[in-house]
Structures are given as C-alpha cells and as structure tokens.
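Examination of the molecular architecture
Listed below are the residues making up each chain.
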Amino acid sequence: MYAVILAGGSGTRLWPLSREHFAKQYLALGDSALSLFQETVARVLPAVPEERVLVVTHRDQEGEIRRQLSLLGLNKVPVLGEPEARNTAPAIGLAAWRLARAGGPA
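Below: a short report on this structure. (Residues numbered from 1 in each chain as written. Predicted model: local features only at pLDDT ≥ 70, side-chain atom pairs only at ≥ 80, totals over all residues. Heavy atoms only, no water.)

1. Digging into helix α2 (residues 62-71)
The criterion, for reference: Burial classification: accessible surface area is computed with a 1.4 Å probe over protein chains only, and a residue below 20% of its type maximum counts as buried, one above 50% as exposed, and the rest as partly exposed. The secondary structure listing takes helices from DSSP runs of H or I that are at least 4 residues long and strands from runs of E that are at least 2 residues long, numbered from the N terminus. To be clear, the arc concerns the directions from the helix axis to the C-beta atoms. In this analysis, two residues are considered to be in contact whenever any of their non-hydrogen atoms come within 4.5 Å of each other.
Of all the positions in α2, only Glu 64, Ile 65, Gln 68 and Leu 69 are classed as buried. Along α2, the residues classed as buried sweep out an arc of 140 degrees about the axis, all on the same side. Projecting away from the buried face of α2 at angles above 90 degrees are the exposed residues Gly 63 and Leu 71. Each element contacted by the buried residues of α2 is listed here: α1 (36-44), β2 (53-58) and β3 (79-82). Looking one or two residues past α2, Gly 73 carries a phi angle of roughly 80 degrees, positive in sign.

2. Things to note about the nonpolar core
Inclusion rule: Buried residues of nine kinds, namely Ala, Val, Leu, Ile, Met, Phe, Trp, Tyr and Cys, make up a nonpolar core once their side-chain atoms join them within 4.5 Å.
Ranked by size, the top nonpolar core spans 15 residues in total, and within it Ile 5, Phe 37, Val 53, Val 55, Ile 65 and Leu 69 carry the most contacts. Looking at this core, the elements that each hand over two or more residues are β1 (3-6), α1, β2 and α2. When residues in this core are grouped by element, the largest group, three residues, is from α1. Within the second largest apolar cluster, six residues are counted, among which are Leu 54, Val 56, Leu 80 and Ala 91.

3. Let's talk about the packing of α1 against α2
Formally: To get an axis, fit a line to the C-alpha atoms, keeping to the stretch in contact for a helix; angles then go from 0 to 180 degrees between the N-to-C directions. Should an angle fall under 35 degrees it is called roughly parallel, over 145 degrees roughly antiparallel, and 65 to 115 degrees roughly perpendicular, with every other angle called oblique. Each crossing gets its hand from how the near helix is turned against the far one by less than a right angle, where anticlockwise is left-handed and clockwise is right-handed. Ten residue types, Ala, Val, Leu, Ile, Met, Phe, Trp, Tyr, Cys and Pro, are classed as nonpolar, four, Asp, Glu, Lys and Arg, as charged, and the remainder, Gly among them, as polar.
Where α1 contacts α2, the axes come no closer than 10 Å and their chain directions differ by 55 degrees. By the angle class used here, α1 and α2 are oblique. Crossing of α1 against α2: the hand is right-handed. Along its contact with α1, which presents Phe 37, Gln 38 and Val 41, the element α2 presents Ile 65, Gln 68, Leu 69 and Leu 71. When the residues that make up the contact of α1 with α2 are grouped by side-chain class, the tally is five nonpolar, two polar and no charged.

4. What to know about the side chain of Ser 35
Note on placement: Ser 35 falls in the loop between β1 and α1. Looking at Ser 35, the relative accessible area reads 3%, which means it is buried.

5. Side note on the pairing of β1
Going by this rule: Being paired, for any two strands, means DSSP has found at least two bridges between them.
By the alternation rule, side chains of β1 split into Ala 3 and Ile 5, which are all buried, and Val 4 and Leu 6, of which none is buried. As paired elements, β1 and β2 share four bridges and run parallel to each other. Along β2, the bridge assignment pairs Leu 6 with Val 56.

6. Comments concerning the sheet that holds β2
Within a sheet, neighbouring strands are paired by backbone hydrogen bonds and run either parallel or antiparallel to one another. The three strands are arranged β1-β2-β3 in an open sheet whose pairing can be described as parallel. If you trace the sheet from one side to the other, it starts and ends with β1 and β3, each paired once. On average, each strand axis in the sheet is inclined to that of its neighbour by 25 degrees, with strand direction left out of account. One ladder, built from four bridges, connects β2 with β3; its direction is parallel. Paired with His 58 across the bridge in β3 is Glu 82. Running at roughly 160 degrees to β3, α2 makes contact with β2 and β3 of the sheet.

See below:
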C-alpha cells in the first residue's frame, strides 16, 4: 500500500494568510504547532511507512515541502515536482505513473 499526498496550491484561497510561495498547506492553524501538510503526513504514517508515501507538488514548492518533512525528521519521503500546475487529475496521474514505473516511490 502507498499513500499519495497532493501538496499543491497557488496560495490564493486563504489570502492574506497564504501567498503564492507559501500556500495554505504550510500554515499551522488552530492549536497545532504543525502545518496542515505536516498534520497530513503525521496522519498517514501510522498506516504507511515513510518510504511508501509520495508527495506531489509543484517544482517551485519542492524545497518548502522537503523543509517541512525535515522538521518532522523524515528524509525518506519521495517528493515529485510537477513541471506545471494542472490540477488534481494530472497530479494523481503523475503519481500513478511514477509508482508503476518504479514499482513504488523508492
């Protein structure tokens, strides 16, 4: 079993908190010190080891995704950067292609 986390976004839907290069998934909302993205990863990890989690994001956001993962002590989670933002279906297709091609995200 694998988990695919879609972590894209243009940062326009939760303005003024989110921005173009700091979309809502990087925000810590409520009482949590974790960002929305980090909370999602934390919810997935009890069911799927980090090597079987694949994060799909825009290539401009790869650095922040990797930073967010490193804050959780995770360095084995593959991050797949989309060359262009094309919404959910192409991101899922890209993840499926990567998993099928490699026999998994590793």
